[in-house]
Structure formats: C-alpha cells, structure tokens
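Single-letter residue listing:
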Amino acid sequence: MSVSSIRFVGHDASRTGAPASLLEFLRWLARAEPSVVSRTLLLRGGPLLGEFSACSSTTVAGPAGRLADRAAGVLDGLGAPPVLAAAARWVAAAPRRRGGEVDVEVLNTLAALGGGAGRCARRVVVVHELDGVADRVLPAGARRDRAVAGVDHWLAAGPAVRSMLVERWGIDAARVTTVPEFVRPVEVPAERIEACRVRSGTTAGRALVVSCGEASARKGTDRFVDLVRCLGEGPDAPVGAWVGGTPTSVGWRELEFDRASADLGDRLVTVTTTPDARDWIAAADVVVSTAREDPYPLVVLEAALSGRPVVAMDSGGVRSMLDGVGLGELVVDQGDVIGMARRVTELLGDPARRDSIGHRLAGSLGRSHLPDDVGPRWWSAIAPARGVG
C-alpha cells in the first residue's frame, strides 16, 4: 500500500528540540513528497504554530482532550476499573478520529502517545526522550504496555534512546530504527553577533561561554552557574550566557536564584527563550552542554553549524556524537564541573585550537544533520519502501 496520507501528532509548537525537529521534517516532506497529504495535530500551541500551519494542515487539541488524556493516566495509576480509563482515552482520541483514517500516523514524542489512537494502517513513534522524562510522561504499567502494543515501529533519536527502548522497555530491536535529529542552517549577520557581545559585555576581549536550552535541572542550569564561578573572577573573567527559559517556570526561578546566590554580577547573563538563540551560539567563544539528561543535544549541532567549539558533560548521545568525529576529549564525566572548567579554560587560552575544533565540527556534524540528509532517513523508517500495513 502506498503512502498518500499521514497524520502527525506533537505535544506543542514550542522552540524546544522535539517540535523543532518535527517542523524541519514537515518542511522537508512538503518539498520531497508533495503528493503526500499531511495533517498535524498539536496537543498545545506555541510560538512556532504559524510555521507548522505553513507546511501542514494544523489543528490544536482543545482542553477537553488534554484533560481526558491526563485523566486516563490518573485512572490507570489508581487501578481504576478499565472501562473508566478506556472512556477517558476515547475522549482524548476524539481529535484524531475526526481527522479520519490515514495511511500512517506519526507520534512525535512519548507525550503524544498516551492519549489513545486515531485510525491508521501504520503507527510510528519518534522518541526524543530518555528515562527521566519518559517515565514521567508515560510511566511503566498498564497504560505504557497498552500504548507500546499499538505501535508498529519506533524511531529512536540516537543510540541512547534506542538502548532505553530495547534494553529497558523490552521492544524488539527489529522494530526500532535509530535516527539523528535535524538542525537547520541559519545565517547570522555580523551585526547580530555584535549585539550579543554588547549585551554580554564581551566586546573588549572578554570571552563568552554559552549554553542553550529550557532552563531546568535536567538541562543543568545549576551546573552552568557553578561552571561560570570556576572560570575566574575580576574584570577580565569570562562571561557566561544561558539562553532559554520561561520566566514563570520553576527552572527559570531556580536559575535566577542560583545566579543571585553566586554573586556573579556581570559574569552571568540570562536570556529568556528567543528565536535568536543561534545568534548567541555564533557569538560564543565556547559552547557547553551541562545537561544531566539530553538524548541528542541540539546545542552541540547548532554550535557545529556555526563552527564553534563545544565541551559537554556525558549525557545521552553526546559522547557517540563527538567520539564519531574524533573529538571525544571534549566530553567530560557527568557532573564534572571542574573538569569542564579546565577544558573550557584550555580552549579559551588557545584560539588556534578553538578554530581548528570549530572547523572540524562544521565539516562533520554541521553537515550530517541537515534536513536533506536526515529527512530521507526518517521517511524510509516511517514509510518503508515495501509499503505499509
């Protein structure tokens, strides 16, 4: 059976990694497979909603469906009669049923998996999560077992996610395809780089160390604060910039509390979530990832596109990413802030090495994760050549 219709289900239209990857795939699909009719259902909206709508017919689920989805999880967790949980799942799946039957349904993240299923011939789940997040959004138990049983194939964002699915979830390895994430080339004009240097106070030769991501303990904002403290004091000390976060979130409040408690003054700049995050990466002397759990850190790929050197804590797929291009020495042990500070300091003191590493990353990771490279790999797993069914 050929694929002529496909429904995508995502958790929101935020600027975070999973929605950004789905958006890039939708753009690629519209170019590469124009005859395929695609529809997208998002459980919530967000700043990228207009861009989703531009490349796929897009709707946002109402509050009733989201409430029913949460209710199904609560009822399962409480051991309620199966008929009650089934009724909640039926309500949660209503937006998909109204969309009619499609050849393939693609659920982009586990957060989109638990609320029931629409009619389709083949169901594929793209997993961007590791254990900490996975266990929160789809806890082990009857609900997970039921959801897993309804999936025909899995796309794992990197080897760490594949290990979780196969080794800890018990999914047949033949039903799991490992795929990379997407990263989109962005041209950053010199004046926008200069604006970041001005805002961070690093126009007079001070070094700038940048990390990006939604402010949270999972992304390691507390470790980033500690890192900046370890990089020295005084008017010539490097400046750290954390880019990403929602001012009303717990993670952002914790970041600001840690920053104030560390008394870092102008040595740490915080920037809320912005469409211009790539400007900060392009402006950096060194980019870092301090994440406790990150299956496929996009900040590393974005740094590679800008030709910026990186140092990362060992989390998820980052070691395999950097080992694969001969730069495994840029990965430090999980939680080793002092080791990271040493690596960063070494790079800041050696401009030639920084340039060499940035050039190597641009020629490797910066080229292997572009939409035209990754899109066909996703598509071949979503709609294999032998057909679906």
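Computed from a predicted model, the values in this text were never measured in an experiment. (Residues numbered from 1 in each chain as written. Predicted model: local features only at pLDDT ≥ 70, side-chain atom pairs only at ≥ 80, totals over all residues. Heavy atoms only, no water.)

## Some words on the overall build of the chain
This is how it is decided: The helix and strand labels rest on DSSP assignments: H or I over at least four residues marks a helix, E over at least two residues marks a strand, and numbering proceeds from the N terminus. The cut-offs for exposure are 20% and 50% of the maximum accessible area for each residue type, with area from a 1.4 Å probe on protein chains only; residues under the lower value are buried, those over the upper are exposed, and the others partly exposed. Note on contacts: a residue pair is in contact if any heavy atoms of the two residues lie within 4.5 Å. Surface exposure here means Shrake-Rupley accessible area, sampled with a 1.4 Å probe, where a residue is shielded only by the protein chains that are shown.
When helices and strands are counted, the chain shows 18 helices and 13 strands. For the chain, buried positions account for 55% of its 389 residues. When contacts within the chain are restricted to residue pairs at least 6 apart in sequence, those whose partners lie at least 24 apart make up 67%. A total of about 16,000 Å² of accessible surface is found on the chain, and carbon and sulfur atoms cover 53% of it.

## Quick look at the nonpolar core
Operational definition: Residues enter a nonpolar core if they are buried and are Ala, Val, Leu, Ile, Met, Phe, Trp, Tyr or Cys, with the set joined through side-chain atoms within 4.5 Å.
Trp 280, Val 288, Leu 322, Val 344, Leu 361 and Leu 365 are the most contacted members of the largest nonpolar core, which totals 60 residues. By size, the runner-up hydrophobic cluster in this structure holds 28 residues, among which are Val 3, Cys 55, Val 106 and Ile 382.

## Details of unusual backbone geometry
One non-glycine residue, Thr 109, lies in positive phi territory at about 105 degrees. In this structure, Thr 109 sits in the loop between β4 (102-108) and β5 (120-127). Positioned with a positive phi, Asp 263 is a non-glycine residue whose angle comes to about 50 degrees. With respect to the helices and strands, the residue Asp 263 is situated in the loop between α11 (250-262) and β10 (268-271). The exposure class of Asp 263 is exposed, given its relative accessible area of 64%.

## So, the environment of Val 148
Looking at the secondary structure, you find Val 148 in helix α7 (residues 142-149). Classification of Val 148 as buried rests on a relative accessible area of 15%. Spatially, the C-alpha atoms of Val 148 and Ile 171 are 8.3 Å apart, while their sequence positions differ by 23 residues. In contact with Val 148, not counting residues within four places along its chain, are Trp 154, Trp 169, Ile 171 and Arg 175.

## A short note on the sheet that holds strand β8 (residues 208-212)
For clarity, the threshold we go by: Criterion used throughout: strands pair if DSSP finds at least two bridges between them. All axes are obtained by fitting lines to C-alpha atoms, using only the stretch in contact for helices, and the reported angles, taken between N-to-C directions, cover 0 to 180 degrees.
If you trace the 6 strands from one edge of the open sheet to the other, you get β10-β9-β8-β11-β12-β13, paired in parallel fashion. Two strands lie at the open edges of the sheet, namely β10 and β13 (331-332), each paired on one side alone. One ladder, built from 4 bridges, connects strand β9 (residues 239-243) with β10; its direction is parallel. Along β10, the bridge assignment pairs Gly 240 with Leu 268. Relative to β10, α11 is tilted by about 165 degrees, and along the sheet it contacts β9 and β10.

## A look at the side chain of Ser 216
Which entries qualify depends on this criterion: Pairs of N or O atoms are called polar contacts if they sit within 3.5 Å, as long as, within protein, a hydrogen donor faces a hydrogen acceptor (for residues adjacent in sequence, only side-chain-to-side-chain pairs).
Within the element layout of this structure, Ser 216 appears in the loop between β8 and α10 (221-230). Residue Ser 216 is classed as buried on the basis of its relative accessible area of 19%. Within the local environment of Ser 216, its side chain forms a polar contact with the backbone nitrogen of Lys 219, the two atoms lying 3.1 Å apart. If near-sequence neighbours (up to four positions away) are discounted, Ser 216 is found in contact with Thr 221 and Gly 251.

## Regarding helix α15 (residues 337-348)
Rules: Multiplying 1.5 Å by the helix residue count minus one yields the expected span of that helix.
The end-to-end C-alpha separation of α15 is 16 Å, in line with the 16 Å expected for 12 residues at 1.5 Å each. If you check which residues of α15 are buried, you get Val 337, Gly 339, Met 340, Ala 341, Val 344, Leu 347 and Leu 348. On its buried face, α15 is in contact with β8, α10, β11 (286-289), β12 (310-313), β13 and α16 (351-363).

## Quick notes on the packing of α15 against α16
Rules: When describing relative orientation, an angle under 35 degrees is termed roughly parallel and one over 145 degrees roughly antiparallel, while 65 to 115 degrees is termed roughly perpendicular and anything else oblique. Gly falls in the polar group here, along with every residue not listed as nonpolar (Ala, Val, Leu, Ile, Met, Phe, Trp, Tyr, Cys, Pro) or charged (Asp, Glu, Lys, Arg).
One way to put it is that α15 packs onto α16 with a least axis distance of 6 Å and a crossing angle of 105 degrees. One finds that α15 runs roughly perpendicular with respect to α16. Contacts between α15 and α16 involve Glu 346, Leu 347 and Leu 348 from the former and Pro 351, Arg 353, Arg 354 and Ile 357 from the latter. Split into classes, the residues belonging to the contact of α15 with α16 amount to 4 nonpolar, no polar and 3 charged.

## Re the pattern of salt bridges
How we decide: Throughout this description, the term salt bridge denotes a Lys or Arg side-chain nitrogen within 4 Å of a carboxyl oxygen of Asp or Glu.
The final tally for this structure, using the stated rule, is 18 salt bridges. Two residues, Glu 24 and Arg 184, come together in a salt bridge whose shortest N-O distance is 3.9 Å. Of this pair, Glu 24 sits in helix α1 (residues 17-32) while Arg 184 sits in the loop between β7 (176-179) and α9 (190-200), placing them 160 residues apart in sequence. We classify Arg 184 as partly exposed; its relative accessible area is 38%. Linked through salt bridges whose partners overlap, the residues forming this network are Glu 24, Arg 27, Glu 51 and Arg 184.

## Thoughts on the side chain of Glu 24
On the accessibility criterion, Glu 24 (9% relative accessible area) is buried. Those residues in contact with Glu 24, other than ones at most four positions away along the chain, are Phe 182, Arg 184 and Pro 371.

## Notes on the confidence of the model for the chain
The criterion, for reference: Note: pLDDT gives the predictor's confidence per residue, expressed from 0 to 100.
Put simply, the chain has an average pLDDT of 90, and 88% of its residues get 70 or more. Scored below 50 in pLDDT, residues 86-91 makes 13 contacts in the model with residues more than four places away or belonging to other chains.

## Some points on the sheet that holds strand β2 (residues 37-42)
The strand order across the open sheet formed by 7 strands is β3-β2-β1-β4-β5-β6-β7, and the pairing between neighbours is parallel. Each end of this open sheet is capped by a strand with a single partner; those strands are β3 (57-60) and β7. Taking the axes of each pair of neighbouring strands and ignoring which way they run, one obtains an average angle of 20 degrees across the sheet. Taken strand by strand, helix α8 (residues 159-168) contacts β5, β6 (153-157) and β7, and its axis lies near 165 degrees from that of β7.

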